[in-house]
Structure formats: structure tokens, C-alpha cells
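Structure assessment
Residue-level listing of the chains:
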Amino acid sequence: MKLKLLGTGSAIPELKLTNADLSTVLDTDDEWIRERTGIGSRHIAVGEDATTMAVRASKKALEAAGISAEEIDAIIVSTTSGSDLLPATACIVQRELGAKNAFAFDISVACTGFITGLTTALGYMEMGMCKTVLVVGTECLSKIMNWNDRGSCILFGDGAGACIVTGHSGKGYKPVIHTNGKDGGALTCRQMYAKDENLRKIIKIKLAELDNNEHNRELKEQYEAALNEQENVQVAMDGKAVFQFAVRQVPNVINEVLKLNEVEPDSIDRYVLHQANRRIIESIAKRLKQPENKFPTNVFEYGNTSSASIPILMDQLIENGELTAGMKICIAGFGAGLTWGAMIIDL
Ligand code: ACO
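A few points on the structure. (Residues numbered from 1 in each chain as written. Predicted model: local features only at pLDDT ≥ 70, side-chain atom pairs only at ≥ 80, totals over all residues. Heavy atoms only, no water.)

Quick word on the overall build of the chain
In terms of regular secondary structure, the chain is built from eleven helices and 13 strands. The globule rule puts the C-alpha radius of gyration for 347 residues at 20 Å, and the 21 Å found for the chain is close to it. With the principal axes as the frame, the chain shows a C-alpha extent of 70 × 50 × 40 Å. For the chain, the residues scored as buried account for 53% of the 347 residues in total. Of all intrachain contacts in the chain linking residues separated by at least 6 positions in sequence, the fraction that spans at least 24 positions is 78%. Mean positive and mean negative side-chain charge positions of the chain (36 and 44 charges, respectively) differ by 3 Å. (Helix = DSSP H or I, 4+ residues; strand = E, 2+ residues; numbered from the N terminus. Rg over C-alpha atoms; globule rule 2.2 N^0.38 Å. Buried < 20%, exposed > 50% of the residue type's maximum accessible area, 1.4 Å probe, protein only. Contact = heavy atoms within 4.5 Å. Lys, Arg positive; Asp, Glu negative; His and termini not counted. Charge placed at Lys NZ, Arg CZ, Asp CG, Glu CD.)

Observations concerning the pattern of salt bridges
Once the charged atoms of two side chains with opposite charge are near each other, the side chains can pair. All told, the structure shown has 13 salt bridges when counted by the stated rule. When the shortest N-O distance is used, the salt bridge between D346 and K2 registers 3.0 Å. Taken together, the residues D346 in strand β13 (residues 339–346) and K2 in strand β1 (residues 2–11) connect sequence positions 344 residues apart. By relative accessible area, which is 18% here, D346 ends up buried. K2 sits in the partly exposed class, given a relative accessible area of 29%. One salt bridge connects R278 with E282, and the closest N-O pair in it is separated by 2.9 Å. Remark: E282 and R278 occur in helix α9 (residues 278–288); sequence separation between them is four residues, near one turn of the helix. Looking at R278, the relative accessible area reads 32%, which means it is partly exposed. Take E282: its relative accessible area is 27%, and that puts it in the partly exposed class. Ionic contacts of the salt-bridge type, sharing partners, join the residues K2, K328 and D346 into one network. (Salt bridge = Lys/Arg side-chain N within 4 Å of Asp/Glu carboxyl O.)

Here's the deal with the sheet that holds strand β7 (residues 159–168)
The strand order across the open sheet built from five strands is β1-β7-β6-β4-β5, with neighbouring strands paired in mixed fashion. At either end of the open sheet lies a strand with only one pairing partner, and these are β1 and β5 (103–107). Across this sheet, the average inter-strand angle for adjacent strands is 20°, counted without regard to direction. This element, helix α3 (residues 50–65), spans β1, β6 (132–139) and β7 of the sheet and lies at about 125° to β1. (Pairing = 2+ DSSP bridges. Axes fitted to C-alpha atoms, helices over the stretch in contact; angles between N-to-C directions.)

With respect to the site of the ligand
Around the ligand, the structure places 25 residues, and the nearest of them are R36, C111, K240, N277 and N304. Interatomic distance of 2.6 Å between a side-chain N/O atom of T28 and a nitrogen atom of the ligand. Within the complex, the protein chains bury 73% of what would otherwise be the 1000 Å² of accessible surface of the ligand. Taken together, the elements giving at least two residues each to the shell around the ligand come down to α2 (30–37), α8 (239–260), α9 and β12 (328–335). The leading source of residues in the shell around the ligand is α8, at four residues. Of the residues in the shell around the ligand, the class split is twelve nonpolar, eight polar and five charged. (Near = heavy atom within 4 Å. Polar contact = N/O pair within 3.5 Å; in protein donor to acceptor, adjacent residues only side chain to side chain. Areas by Shrake-Rupley, 256 points an atom, 1.4 Å probe, with all protein chains shown as cover. Nonpolar A, V, L, I, M, F, W, Y, C, P; charged D, E, K, R; others polar.)

Quick word on the nonpolar core
With 50 residues, the main nonpolar core has I254, Y271, L273, I284, F295 and F334 as its most contacted residues. Breaking this core down by element, the ones donating at least two residues are β10 (235–237), α8, β11 (270–273), α9, β12 and β13. For I254, the contacting residues outside a window of four places in its chain are Y271, L273, I284, L288, C330, A332 and A342. (Core = buried A, V, L, I, M, F, W, Y, C linked by side-chain atoms within 4.5 Å.)

And the structure:
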């Protein structure tokens, strides 16, 4: 089955945070950030969140596709910074759009999330479970950033991108996704242990009741660790490790998906990569021996919006006429997990 793009949309928060703005609260400067990352600003959601941005982007995608919300059969939302743990962001999007015929669920694969969402959509379509799928990447990363860590918070921004796809009969392209959980410590954000006072009281009572045998010693350590856990729902990143992973594995996975589908690198019109950082994108272009003008980027304006970056960029490129019908594109994502993947789409 061949994936066909019906329409795209994006939503960017109003508040723009420049490097100069950041240097008022952090020991950093515009020159350092631009040189190392190619980022000049990022947009931060204030008064809105990952869900409201997802809804805004989705409405635009519906408009671009020229279909009604009721024609959507499935909604897949990729987010690591959703506003609600329950229900899933996708269910709220379904409600807000009035997409009453769609089943909906979230996926959490960070910056590889949009590609994972598209491949999931393709799988469901191949199984015959749906025909028209809304895939959204939405992130409100500003809520989980450590704004004292100049090595990470300068990189990220908020936003949402949405894409409506359908499947056409015929031979499509096989996507590729990889995971290396072993090295996942390079980019993390711990979920906070419940701080409810009554729950803490119960755990303390149970801790006091434990006898001092071998098995209980281990349990006691676990209970004490839970009680002492610090509130720290913030991103921690080993920047160098992530950089090295990206510049090695992204060219590998692009070559892998091209070879798997017997497509020559030169016949790809645009490589639409996850927008993490300009230096990473330049290095990938070099390793693939492809001209840099085939690698569009908007990282200067928006920073890294994780799973939203690819659909936001696709929407903007379609809007400004750089992506047009008949083109062949390769999209590739990479990030926390560690995860990375690539797929080819005929526009
Ligand atoms: N401003 C000024 N100085 C800084 C800043 C800053 N914002 N951040 C770090 N520094 C300092 C460091 O403290 C260090 O100083 P020291 O030498 O006195 O100790 C010096 O600059 C060099 O620091 P490094 O961390 O070695 O800088 P590096 O060249 O590796 O650049 C960066 C850091 C930009 C984070 C780089 O490693 C990178 O781009 N990594 C990839 C990160 C990324 O893209 N992550 C997301 C991808 S996955 C996903 O999207 C979820």
C-alpha cells in the first residue's frame, strides 16, 4: 500500500524567545547558540498546551485536505509533553474536532514519534482497519525543560504539526525504525513519583511494618527511595552523546531505507529531517553526499520541537511551494530512546 498525503497543518505558539532573551536569565549568548546549533529563536506555549496546539494544527490539516472531521477513521498523536495523562491527547483531539468515527490513541517515541505515527497509520490501513488517518506531532517541551541548564533548554521549542494520510493500492515503500534502549540514558525525563500525602502516609506505615529479613531489606530500600525521590520532571541530556548518535545513525537509516526500497539517493527531491540542530543536519547531508539545499530547515526560527518538527516543516514547505505533488521525499527522525527511523513518501 502506498501512503498518500491529503493535507497538512501546523500551530506555533505566539511567544517568541530569542537567544538574546535567554541570555537575560542564563550565562549564554546569541553567537554561541547560533554557531553550535543554528538556532536563533524558539516559540514557547503560554496559555495553551500540547492539546490545544494539536487541535489547531489538525483543523488546518482538515481544511487543507478538504475533508470533514467525520471522514477521519483514526487519530494518532505523538507527544512526550502532553497536557493530560488521562485521557490520551488523541482522544481530546477527537472530541474537539468532532471526529466521532475515529479511534484514537497516543504514542510516545519522542523525536521519532511522527515517523512512528505514520508507519502505524500505514499498518492499520494495510490491515483494513481504516482509510483516512490524522497523524499529529505536538510538544509543549517548555514545561519539562530545566531552564537552568544552558546545555539543553536553548535547543527546544513548542509547536504542533498535523498530517492527514490515506492509503492507495499498489506497491508502497517499506519504512525502517530502530531502537537502542541500552543507550537511552543520553536523553531522559523522569516522571515524578506521586506526592499525594495520603499515599505517602500509607507507604510509611507499610515501611514501618516490614520485618528485617533479606527480602524485606530490598523492599525497604525501594520504599525509602520512593519517599525520598525529588520532584524533578525535567529533561536531562548528554549533548555530545546525542550528537554522535544522530550523525552516525541517521545517515545509516536513510541509506537502509533507500536500499530496502531500491531508491537512489539522487532521486530523493528533499530530505525532510527532524529539526534538532543545523550542525547535525549539515553533517548528515555531507555523509550522504547530497547537496545541502535538499535538506530544508526551519530550526533557526523554531528550535527543536521533537515529534512536531517534521510535520511543521512539511506544512511550511507545502505552504511556500517547496514541496509539490510529484516529488519524492525521505523523512527521518531520531531522538530519545534512543530511537531513529526513516521513510520515503511520494507526494
Ligand atoms: N552557552 C554558552 N556556553 C555553553 C552553553 C550555552 N548555551 N551550553 C554549554 N556551554 C558551555 C559548556 O558549559 C562548556 O563549557 P566548559 O568548556 O567551560 O565546560 C562548553 O560550552 C562546551 O560545551 P559542550 O557541551 O562540549 O558543547 P558542544 O559543542 O557539545 O555543544 C550542544 C553542545 C549544542 C548541546 C551539542 O552537543 C549538540 O548539539 N548536541 C545534540 C543535542 C541535540 O540535538 N539533542 C536533541 C536531539 S534528540 C531530540 O530531538 C529529542
